[in-house]
Amino acid sequence: MFSDADVVTLKDQRLSEMAPVPMSWCLFTLVCGSWWLQVHLAPAPENEVPLRPTTWVQEGKITPITLPKGRTRRLYFTLKKKASAMSVTVSPCGPTIEWSLSARTLKDKPFKMQWSTKKSSPEVWWQGPGTEEKMHSFTGHTDDAYRGPSHPHASIYIMRLRSKLQNTRATVYLHEGPEPSGTFPMLPADPRVHTLGVGMTSVTLSWVPSASITSHTHTQKSYNYCVFVNSQQNYPNLCAARESRRKEKDQGQGKKAKKGEETVWPMLNEWWWQQWDSEAHSPPSTSSDDLHCVCQGTENVCTISELLPDTQYYFDVFVIDRTNRTSVAYWGTFVRTHEEAQAAITTLREGELRWVSFNDRGSKSEQFFTFRPRGLQQSGLLTLQSCGRDEKIKVTVSSKSQILTSQAVTGDLVHIWLNGSPSYLIHLEREGTTSSHMSTALPGGLMASVKMQVSSAYHRRGVPSLPTTLQIKSFNRLRGCNSVTLAWMGTEERSLYCVYRRKVGLLDKKAPTAPCLGPESRSDTERVLCKYFQELNPQRAVTTAVIGGLEPGVAYVFDVYLMRRWGIPIKYASKVVKTRKEC
């Protein structure tokens, strides 16, 4: 197609080549040619679209802008003649952007014609001769504003915005006049968000109230504080927080929504997602773990709950004017929640005899222990015995996060064979009690619930053999005034047996002693003898002992303990025998 200039040149050339014509024809040509030029230099008709669509910035209204990566967006506005000052605020909704403000002055104004609604007057002005002066420029991702005098000779103002990193959005707000617009809420002199308390799953924040709320009590209902929580970063404005939530929602559209999901922030459903454009966006849902919002009216203290332990969170507070649909941001803060309380793990030494007590009565409690067997076979023997008659205690042994065994601990000895792992985790748990006396008093004032011992076994392949019965037998015919004869069953293994005695006293008339009490609870003066015994035939593994040095006609309590290399000593049932008074 020919341009307007080519048409005019071609027309002049044809006129010069033509023969002379009458004066009337020349007059007609002059008039018609002038009309033809005006028609072709006029704006495009209604069915034509401008090459560069123009965005006008309206005064007192937030204008949303989409910024494609690497492309410069231009915005235009004019001021009233009486406006001596102005302010232009740009709020990026994502990464760093570049923006500038320039004033363009035209030498000649364009033709005053009936403009088409689809034709851009700045586009025509841009083609005309003139000068341009830059008034302000900024590069960054935070809110920035030009506040100052207007240009005295500006015909039109031009804003250029560009994003080099990625597609993003921004908002622009224009205000005419030297005074504050009053459209945005005001920040206090101290705009920081302060931390009052930090817990394992909650954080309490506070901030100085906004002057917009404290100075206009009759309009407090139009203001709200909103606290945003996320695990990525602090946001410089509400637009950036909204854009982050939009991207998060787009990424999660393919995921199935959880059943029974409800919106916990109904205020956002009313206006927040529509405050910059007319697109309908869903409010944030409770399934999102990366961005949460709590809007709580005009209270300036807020506690955020249901957080994860040992996690860093970023907190932003925004003052929102629902009437003008504007907001300002406090200086955000970040806090790391406390670590989850870890149960203390006690290391058990080789062959150590340990008394385990649960002192917090009336509640469920637990304790953890770890043991590393010696030797290449990595084997050991764990022995436990309950001291409380009414306690319900369970032991769980695991290795490498795998449970090996779990069973109850009673008054009878519990033997657990450990084999094939470099370390073991022993978990003792009290499940409940039926009596107020939950622990047994031991010598030295110790209250014990469980008696435990673990030792490495270098050559064994299983738990040690036990006597067929733990009853002690006395022989009436062998009972004298100063001695008695006792018998008990042994095992096929070579073991040490010790006999203790004491006179029957008030202690024996009360409840029987705890089954976990062993030789360590007895005085050396009570021990009368110790002997080794072994019999390969379990049916004939019977050993006897004559206990002398007794007083005539006195009742004695006799206890026998099986002392082993591994495990807790085994206590036989106590036997009461009275010597003869007369012999």
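For the structure, see preceding data.
These numbers come from a predicted model, not from an experiment.

## A few points about the sheet that holds strand β24 (residues 414-419)
Backbone hydrogen bonds are what pair the strands of a sheet, in a parallel or an antiparallel way. Spatial strand order, β19-β28-β21-β24: 4 strands in an open sheet with antiparallel pairing. Looking at the sheet topology across the chains shown, the edges are occupied by β19 (353-356) and β24. Direction aside, the axes of adjacent strands within the sheet are offset by 20° on average. By the bridge criterion, 4 bridges tie β19 to strand β28 (residues 450-456) in an arrangement that is antiparallel.

## With respect to the state of the cysteines
Counted by the stated rule, this structure contains 3 disulfides. Each disulfide pairs two cysteine sulfurs, and for Cys 481 the partner residue is Cys 583, the sulfurs being separated by 1.6 Å. Judged by the torsion about the S-S bond (125°), the Cys 481/Cys 583 disulfide is right-handed. Here the residue Cys 481 occupies a position in the loop between β29 (473-474) and β30 (484-489), and Cys 583 occupies one in the segment after β36 (575-578), the gap between them amounting to 102 residues. One disulfide bridge connects Cys 498 with Cys 530, the sulfur atoms lying 2.1 Å from each other. For the disulfide bridge between Cys 498 and Cys 530, the dihedral angle about the S-S bond is near 115°, and by the sign convention the bridge is right-handed. With Cys 498 in strand β31 (residues 495-503) and Cys 530 in strand β32 (residues 527-533), the pair connects residues that are 32 residues apart, well separated along the chain. Given the relative accessible area of 4%, Cys 498 is considered buried.

## Brief notes about the pairing of strand β8 (residues 156-162)
Of all 7 residues in β8, 6 are buried; the element is thus mostly enclosed. The pairing of strand β3 (residues 72-77) with β8 spans 6 bridges and is classified as antiparallel. Within β8, the residue paired with Thr 72 across the bridge is Arg 162. Summarising the sheet, strand β5 (residues 97-106) and β8 pair through 7 bridges and their orientation is antiparallel.

## Some words on the pairing of strand β11 (residues 203-207)
Where burial is concerned, most of β11 is hidden: 4 out of the 5 residues are buried. Where strand β10 (residues 193-198) meets β11, 5 bridges bridge the pair, whose relative direction is antiparallel. Counted as the bridge partner of Val 193 is Trp 207 from β11. What sits between the antiparallel neighbours β10 and β11 is a turn of 4 residues. Pairing geometry for β11 and strand β14 (residues 301-304), over 4 bridges, is antiparallel.

Parameters at a glance
Throughout this document, residue positions are counted from 1 along each chain, in the order its sequence is written. Reporting in this predicted model follows two pLDDT cut-offs: at least 70 for local features of residues, and 80 or more for side-chain atom pairs to be given and counted; totals over whole chains, interfaces and linings ignore these cut-offs and use all residues. With hydrogens and water excluded, all non-hydrogen atoms of the structure serve as input to the side-chain values. Strands qualify as paired when DSSP identifies two bridges or more between them. Helix numbering and strand numbering both begin at the N terminus, where a helix is a DSSP run of H or I of at least 4 residues and a strand a DSSP run of E of at least 2. To obtain each axis, a line is fitted to C-alpha atoms, and for helices this fit is confined to the stretch in contact; angles are then taken between N-to-C directions over 0 to 180 degrees. Cysteine sulfur atoms are paired as a disulfide whenever they come within 2.5 Å of each other. Burial classes: relative accessible area under 20% of the type maximum marks a residue as buried, over 50% as exposed, and values in between as partly exposed (1.4 Å probe, protein chains only).

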